[in-house]
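Commentary on secondary and tertiary structure
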Amino acid sequence: IGGSRLATMASTSVGLVHYRYGCRIGVRAGAESRSYGLAGYVDSTVPTASLSLTCQRGPSQYGLVVSVAQDAPRGQRAGGETDRYEVGAHYAVQYNPRLAMLVTGLVGNYRDASGYSPLLESGATRRITRASARVEMLWQLMADRPEWALQAELEYLVDRSNLDVFNFTNARAAVGLRYQF
């Protein structure tokens, strides 16, 4: 806004991967630093840990990831630290050389360490449960030009909280032409 940067994100991680029976098992630890410029009161550091499993069977790939994180504010922030617990899954299939589908889902639970605001439910600690699902189809338009594709997506997201102001539902459909550099 007015020439100032809106947000700066930096992250680092380290992980180990083991291959077994056509699957990849991974463990990762990392941290992310978030700085929001003018809204510095929400700046935070987010250490994370995750465990993942991804398997390939013929033209199909499927996977699962479980992660935990703690969003720790660098200053005073409503709700204080937020603990995050997430489970994500994906399924991808290449139907033929020009047609592919990706399905993803996520379930998460987020809990603040302290009351969000005395104006909301007498200062209750905020809890949010999130569920999302997404389906994407990708069709390569020309066999000799793989960078061009038609893309169609459907997405649904719902957040449910003990504080009504944080309840949220969103559905999205999109169709577009994609060029990959």
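Residues numbered from 1 in each chain as written. Predicted model: local features only at pLDDT ≥ 70, side-chain atom pairs only at ≥ 80, totals over all residues. Heavy atoms only, no water.

Remarks on the overall build of the protein
A tally of helices and strands in the protein yields 0 helices and 9 strands. Along the protein, helices (α) and strands (β) appear in the sequence β-β-β-β-β-β-β-β-β when read from the amino end. Computed over C-alpha atoms, the radius of gyration of the protein comes to 20 Å, more than 25% over the 16 Å expected from 2.2 N^0.38 for 181 residues, which places it beyond the range of a compact globule. For the protein, the spread of C-alpha atoms along the three principal axes comes to 60 × 40 × 35 Å. Burial status across the protein gives 24% buried among its 181 residues. Considering only intrachain contacts with a sequence separation of at least 6, the fraction spanning at least 24 residues in the protein is 47%. (Helix = DSSP H or I, 4+ residues; strand = E, 2+ residues; numbered from the N terminus. Rg over C-alpha atoms; globule rule 2.2 N^0.38 Å. Buried < 20%, exposed > 50% of the residue type's maximum accessible area, 1.4 Å probe, protein only. Contact = heavy atoms within 4.5 Å.)

Considerations on the packing of aromatic side chains
One pass over the structure, following the stated rule, counts 3 aromatic pairs. Judged by centre distance (4.7 Å) and plane angle (55°), the rings of Trp 148 and Tyr 179 are tilted. Of this pair, Trp 148 sits in strand 8 (residues 145-161) while Tyr 179 sits in strand 9 (residues 168-179); the two residues are 31 residues apart in sequence, bridging distant segments of the chain. Ring-pair connections join several aromatic residues into one group, and the members of that group are Trp 148, Tyr 179 and Phe 181. Positioned above the aromatic ring of Phe 166 is the side chain of Arg 126, whose terminal nitrogen or guanidinium carbon lies 4.7 Å from the ring centre. (Phe/Tyr/Trp six-rings, centres within 6.5 Å; stacked < 30°, edge-to-face > 60°. Lys NZ or Arg CZ within 6 Å of the ring centre and 35° of its normal.)

Quick word on the state of the cysteines
This structure, assessed with the given rule, holds 1 disulfide. The disulfide that involves Cys 23 links it to Cys 55, with 2.0 Å between the sulfurs. Its torsion about the S-S bond being 110°, the disulfide of Cys 23 and Cys 55 is classed as right-handed. Separated by 32 residues along the polypeptide, Cys 23 in strand 2 (residues 23-35) and Cys 55 in strand 3 (residues 44-57) bring together distant segments of the chain. One exposure class covers both Cys 23 and Cys 55, and it is buried. (Disulfide = S-S within 2.5 Å.)

Thoughts on unusual backbone geometry
Even without a glycine there, the phi angle at Glu 121 is positive, about 50°. Positive phi, close to 55°, is recorded for Ser 122, a residue that is not glycine. As for its placement among the helices and strands, Ser 122 is situated in the loop between strand 6 (99-115) and strand 7 (125-142).

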